[in-house]
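Chain and residue survey
Next come the chains, spelled out residue by residue.
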Amino acid sequence: MVLGIDASNIRAGGGLTHLKQILNEADPSIHGFEKVVIWSNQQTLDVLPKKEWLVPQTHPYLNRSFLWSFAFQMLLLSKSARVFNCSLLFAPGSTFVSSFRPFVTISQNMLPFEFHEAFRFNKWRVRLRFLVLYLTQSYTFRRAAGLIFLTNYAKEAISSKINLNNPNSVIIPHGINMDFSNMPKVQLPIDSFSTVKPFRLLYVSIITAYKHQWNVAAAVLQLKLQGFPVAVDFIGPDSGESFDKLRVYLDSADNNDGTLRYLGPVKYEELAGFYKNADAFVFASSCENLPIILLEAMSAGLPVACSDKGPMPEVLGDAGIYFDPENIQSIFDALKELLENAVLRDVISKKAYEKTINYTWKNCSGSTFEFLSAIAKKTHHEK
């Protein structure tokens, strides 16, 4: 069998990381694929692993804007895939409008399917983009021969939203970069910390409408005013959406000692050091598919205070303290409990670390290729 991969709309971010990692860990021959043909822009192809079985393909359309890539997928991909005698196409970008059949895709973004979250964004262009993604991804998911979801939460939420009833679906979570792995540290009582050496929280995420960093900032300042030796570092790029809400607290008189620090974006290869130097992690997102950042914090052995929305309880389970990310008092209460209870911190940090042991890219890659092989063989027999 020959597997095709349509990476025409994958250029950066989590989608590129996922593609690189599953290809790097893959052994397609085990699953019956003699070669894998992949279509993408040259920049993406250049960063993918070099394998004897991997056949990179590009086209002038794929090296232009997304509209041109979309045109390639719609008009030219099917013919090219048939030239290579592909048994199946895998479309990890979630939108697939080619006429080629059969294909498998993966759901990696919940924002198009959670309208109340999408409407947190003020700009109409952003809302329109999510509407377009809702339409194109719904169209793709209904036509797919197989569907990969990252969490049960995503599967149930999307299936109910678009009346999806695809029996050929599977849950395959992403892996975690082992650079983040760190045994949980000894948890010290709060009186071991001081204003000079505060209990340092970490929140890594893009500053945007559904991440609620400003509510975390408000809660941390309240804790400081009550005498707790606590500080928080915010790491992540500014999306241009909602940063002013965080700036209010960063610039406030109550933050004159740097209790709140915004460090901006940090290079990915440097992030592990920040996790390992933190005392605890806070994650206040209200919309996720599979929160890789949360998994990284768990793998780093940190006690976690976490949003109770979306798939977070499914991922973290009983290994964290939960709060409502839209309620400052709820965040305050959760963080206060975390600060005051060193025994609890010890228990949940160890539980969280243990939960991440099986989140490997090797497992993700093996499960993905096994599923693709099963769909290819099933659809072949049905012809």
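How each quantity is defined
- All chains use their own residue numbering, which begins from 1 and follows the written sequence.
- Predicted model: local features are reported for residues with pLDDT of at least 70 only, side-chain atom pairs are reported and counted for 80 or more only, and whole-chain, interface and lining totals are derived from all residues.
- Processing note: side-chain calculations cover all non-hydrogen atoms of the structure and skip hydrogens and water entirely.
- Only DSSP runs of H or I with at least four residues qualify as helices, and only runs of E with at least two residues qualify as strands; both kinds are numbered from the N terminus onward.
- Burial classification: accessible surface area is computed with a 1.4 Å probe over protein chains only, and a residue below 20% of its type maximum counts as buried, one above 50% as exposed, and the rest as partly exposed.
- At least two bridges found by DSSP between two strands is the condition for calling them paired.
- Orientation is described by lines fitted to C-alpha atoms, with helices fitted over the stretch in contact, and by angles between N-to-C directions that extend from 0 to 180 degrees.
- Residues are treated as being in contact if the distance between any of their heavy atoms lies within 4.5 Å.
- Each polar contact in these results corresponds to two N or O atoms within 3.5 Å; when the atoms are within protein, one needs to be able to donate a hydrogen and the other to accept it, and residues that are neighboring in sequence are counted only if both atoms are side-chain atoms.
- Side-chain rings of Phe, Tyr and Trp, where Trp is taken by its six-membered ring, are said to pair if the distance between their centres is within 6.5 Å; with planes under 30 degrees apart they count as stacked, over 60 as edge-to-face, and otherwise as tilted.

1. A closer look at the environment of Pro-56
- Looking at the secondary structure, you find Pro-56 in strand β3 (residues 54-57).
- In this structure Pro-56 comes out as partly exposed when scored by relative accessible area, which is 47%.
- For Pro-56 and Gln-42, which are 14 residues apart along the polypeptide, the C-alpha to C-alpha distance reads 8.9 Å.

2. Looking at the sheet that holds strand β11 (residues 280-283)
- Spatially, the six strands line up as an open sheet ordered β10-β9-β8-β11-β12-β13, and their pairing is parallel. Only two strands of the sheet have a single partner each, and these edge strands are β10 (260-264) and β13 (321-323). Each adjacent strand pair in this sheet contributes to an overall mean axis angle of 25 degrees, direction not counted.
- Examined bridge by bridge, strand β12 (residues 304-307) and β13 share three bridges and lie parallel to one another. Bridge pairing links Ala-305 to Ile-321 in β13.
- Where helix α10 (residues 268-277) meets the sheet, it contacts β8 (199-204), β9 (230-235), β10 and β11, and its direction lies at approximately 145 degrees from that of β8.

3. A closer look at the side chain of Ser-365
- Along the chain, Ser-365 turns up in helix α15 (residues 361-382).
- When its relative accessible area of 1% is taken as the criterion, Ser-365 is described as buried.
- Among the polar contacts listed, one links the side chain of Ser-365 to the backbone nitrogen of Ala-26, at a separation of 3.5 Å.
- Look past the residues within four positions of Ser-365 in its chain and what remains in contact with it is Ile-22, Glu-25 and Ala-26.

4. Side note on the sheet that holds strand β5 (residues 103-106)
- Here seven strands make up an open sheet; going across it, the order is β3-β2-β1-β4-β5-β6-β7 and the pairing parallel. Both edges of this open sheet fall to β3 and β7 (169-171), since each of them pairs with a single strand only. Direction aside, neighbouring strands of the sheet carry axes that sit 20 degrees apart on average.
- Sheet analysis places strand β1 (residues 2-6) next to strand β2 (residues 35-39), joined by five bridges and oriented parallel.

5. Some points on the packing of aromatic side chains
- Counted according to the given criterion, the structure contains 16 aromatic pairs.
- Taking 5.9 Å as the distance between ring centres and 15 degrees as the angle between the ring planes, the aromatic pair formed by Phe-113 and Phe-141 counts as stacked. Of this pair, Phe-113 sits in the loop between β5 and α5 (115-118) while Phe-141 sits in helix α6 (residues 124-143), and the two are 28 residues apart along the sequence.
- On the numbers, 5.6 Å between centres and 65 degrees between planes, the contact of Phe-180 with Tyr-268 is edge-to-face.

Geometric values such as these leave the question of function open.
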